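Topology and contacts: notes
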Amino acid sequence: MLDAAALTAHADTFHTVAQTQWRQTAHADSTLVYLPEHGQPTLQVLLGGTPPATNDAARTAREMGAVALILTAEAWGMFLPTEKAARLPTADRPRPSESPDRYEAIVTTAVRADGLTVLRETRITTGAFGRTLAPSQLTDPGQNPDGLAAWLHEVLTLAAHHDN
């Protein structure tokens, strides 16, 4: 299994690539990276920013021998107002895109087949010098049962258990 340090290093690398692209073009492509245990990662640019269907991603993950996935994209973020709100299922939480306190960010979510998750977030700020990137936030929540991390874990689970 890909160790936690390797997962973190790959997450940092692909997050840095997105930051560099944003600095050069004011846009970061949404990408899905398939990480095999041995060998080179395979990067899929997500046209329109939309991830593939779960079964399609699982099929590709299986074909690539992926033991982890990394998704990087520009997204809306927000602070959840209370600890109680943070414990709500993702579908029941307030939507960042509808919040007056929302912020733009480049977000990288890396998930190993056992559910270990590494998150990276870099806010896109607007100030006196125009739009710039703030320092990255490093968040390593361990097992993350919600949201994008849960979808990536589901893809890896289907890839490991699907017979085609």
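To keep things clear, this report deals only with the structure shown in the data block.

About the thresholds
Residues numbered from 1 in each chain as written. Predicted model: local features only at pLDDT ≥ 70, side-chain atom pairs only at ≥ 80, totals over all residues. Heavy atoms only, no water. Helix = DSSP H or I, 4+ residues; strand = E, 2+ residues; numbered from the N terminus. Buried < 20%, exposed > 50% of the residue type's maximum accessible area, 1.4 Å probe, protein only. Contact = heavy atoms within 4.5 Å. Expected span 1.5 Å × (residues − 1). Arc of directions from axis to C-beta.

**Looking at the environment of Trp 151**
Inspection of the secondary structure puts Trp 151 in helix α4 (residues 147-161). Note on Trp 151: relative accessible area 15%, which makes it buried. As a C-alpha pair, Trp 151 and Val 111 span 40 residues in sequence and 9.5 Å in three-dimensional space. Beyond its immediate sequence surroundings of up to four residues, Trp 151 is in contact with Pro 51, Pro 52, Thr 54 and Ala 57.

**With respect to helix α1 (residues 4-25)**
With 22 residues, α1 extends 32 Å between its outermost C-alpha atoms, agreeing within 8% with the 32 Å of an ideal straight helix rising 1.5 Å per residue. Of all the residues in α1, the buried ones are Leu 7, Ala 11, Phe 14, His 15, Ala 18, Gln 19 and Trp 22. The buried residues of α1 all sit within an arc of 145° when viewed along its axis, so they share a single face. Set apart from the buried face of α1 by more than 90 degrees, the exposed residues are Ala 5, Arg 23 and Gln 24. Trailing α1 by a residue or two, Ala 26 shows a phi angle of about 60°, which is positive.

Structural measurements only, silent on function.
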